[in-house]
Amino acid sequence: MKLPNKKGYFGQYGGKFVPETLMTALKELEEVYLDIKKDTVFQNKINYYFKNYAGRPTPLYFAEKLTDVLGGPKIYLKREDLLHTGAHKINNTIGQVLLAKRIGKKRIICETGAGQHGVATATAASVMGLECIVYMGEEDIKRQSLNVFKIELLGAKVIGVYSGTKTLKDAINEAIRDWTANVRNTFYVLGSVVGPHPYPMMTRDFQSVIGKEARKQIIKLEGRLPDYLVACVGGGSNSIGLFYPFYRDKVTFIGVEAGGVGTEHSATLCYGSPGVLHGAFSYVLQTSDGQIKGTHSVAPGLDYPGVGPEHSYYKDAKRAKYVSVTDKEAVDAFHLLSEIEGIIPALEPAHAIAYVKKIAKEIGKQKIVIINLSGRGDKDIDIVRK
Ligand SMILES: *Cc1c(COP(=O)(O)O)cnc(C)c1O
């Protein structure tokens, strides 16, 4: 079975829950995308930028000291932290901005919470020569002034959003409003495997380069497939990117969500329930009367009340297991990796490391684990220092 189906569903999850004016645009986008997917000229162009601009392929690094210290399976790190702009997000923005250019859109819009997707989109728009507008909640603008400055250096424009809680979900609403009004010349670059069909599929395809490379690399290094793939889950793009190329293999997938502190978290698959958010049906953190709940995570990129529909499907079908670790466990893992491997990880993948640390002994020494190191920690130094 190929997922999503023609209507954009992964089992019962996904779909297109958007205003009428966007339906045509999504349909059009889906058609061109499916065409372009088979177009070798376009695929070569993506690969060109992946290789020469973003720095792919990224290494699959055997973390020998981490392996020794944890006393369990052989641990490999997929080094997405080494990419241009410091995280996996650039894989997706290169893909989507090239697609926008190919279909003749002149204007790129996106929204950003912590600013990482804003930076990755502004970067791709800059190199492809397209105008770029980044919506950002006023609260986030204050908290993430360095990323705001970077986005502006890259030639994009940041528009502050003053409605609601002045954070990511309000910025998303504003971006959707802009897109609805300007759909003829504007391309909306979504930052994860979320939103209406075909976005979860497109973003997954662009991020799948992670798993495709890792699969070849581990076979070369170990002569066999890994036993476990572990990745952090915010919206779910770096994890799906690693998991998807192993979908048919006998490999256990573990997605690690942000358990936060006390009752404050953003562990959507662990504690949420199905509902509609930002154009798709998926697990959502909501109150019993359907209001979206406030979220918390020490990792800015995991702080989101929704998750991609493909993960919701994997969860119900038991294809993947979803767990959470606390802020404190993630920060401890951040320090551990920095000290013993000389790699300062972003706080998001520190969650994945923290979970492997917990289960290493129980997994045993014969096994092989690949952890997706989705980004580097430079952006999080101030959070950890506090
Ligand atoms: C944004 C981000 C994430 C979370 O997003 P996903 O779509 O779940 O991958 C994870 N790690 C890093 C480094 C990020 O910047």
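What counts, and where the lines are drawn
- Residues numbered from 1 in each chain as written.
- Predicted model: local features only at pLDDT ≥ 70, side-chain atom pairs only at ≥ 80, totals over all residues.
- Heavy atoms only, no water.
- Buried < 20%, exposed > 50% of the residue type's maximum accessible area, 1.4 Å probe, protein only.
- Helix = DSSP H or I, 4+ residues; strand = E, 2+ residues; numbered from the N terminus.
- Phe/Tyr/Trp six-rings, centres within 6.5 Å; stacked < 30°, edge-to-face > 60°.
- Lys NZ or Arg CZ within 6 Å of the ring centre and 35° of its normal.
- Pairing = 2+ DSSP bridges.
- Axes fitted to C-alpha atoms, helices over the stretch in contact; angles between N-to-C directions.
- Contact = heavy atoms within 4.5 Å.

J.: Could you give me a rundown of helix H13 (residues 309-316), with the residues and numbers involved?
T.: Across the 8 residues of H13, 6 count as buried, placing the element largely inside the fold. Once H13 ends, the next one or two residues include Lys-318, with phi positive near 60 degrees.

J.: Mind laying out the packing of aromatic side chains, listing which residues take part and the relevant values?
T.: Describing an aromatic ring pair means giving the distance of the ring centres and the angle of the ring planes. Counted by the stated rule, this structure contains 13 aromatic pairs. The interplanar angle of 85 degrees and the centroid separation of 5.5 Å between the aromatic rings of Tyr-48 and Tyr-49 together place this pair among those described as edge-to-face. Given a relative accessible area of 18%, Tyr-49 falls into the buried group. Ring geometry for Tyr-247 versus Tyr-314: centroids 5.4 Å apart, planes at 35 degrees, classification tilted. In this pair, Tyr-247 sits in the loop between helix H11 (237-243) and strand E10 (252-260) while Tyr-314 sits in helix H13, placing the two residues 67 residues apart along the sequence. By relative accessible area, Tyr-247 is classed as partly exposed at 24%. A relative accessible area of 0% means that Tyr-314 is categorised as buried. The ring of Phe-253 has Arg-319 sitting right over it, with the charged end atom 3.8 Å from the ring centre.

J.: Report on the sheet that holds strand E13 (residues 320-326), specifying residues and quantitative values.
T.: Whenever strands of a sheet pair, they do so through backbone hydrogen bonds, lying parallel or antiparallel. In space, the 6 strands of this open sheet follow the order E3-E4-E14-E9-E10-E13, with mixed pairing throughout. Each of the sheet's edge strands pairs with one partner strand only, and the pair in question is strand E3 (60-62) and E13. The mean inter-strand angle of the sheet, taken between neighbouring strand axes irrespective of direction, is 25 degrees. Bridge count for E3 against strand E4 (residues 74-79) is 3 bridges, and the pairing is antiparallel. Paired with Phe-62 across the strands is Tyr-76, a residue of E4. Across the sheet, helix H10 (residues 209-222) is in contact with E3, E4 and strand E14 (368-373); its angle to E4 comes to roughly 140 degrees.

J.: Break down the sheet that holds strand E6 (residues 131-137) for me, with residues and values.
T.: Reading across from one edge, E7-E6-E5-E8 is the order of the 4 strands in this open sheet, with parallel pairing throughout. Each edge of the sheet is formed by a strand with only one pairing partner; in this case those strands are strand E7 (157-161) and strand E8 (186-188). Neighbouring strand axes in the sheet, compared pairwise and without regard to direction, differ in orientation by 25 degrees on average. Looking at chain direction, strand E5 (residues 107-112) and E6 are connected through 6 bridges and run parallel. Bridging from a neighbouring strand, Glu-111 pairs with Tyr-135 of E6.

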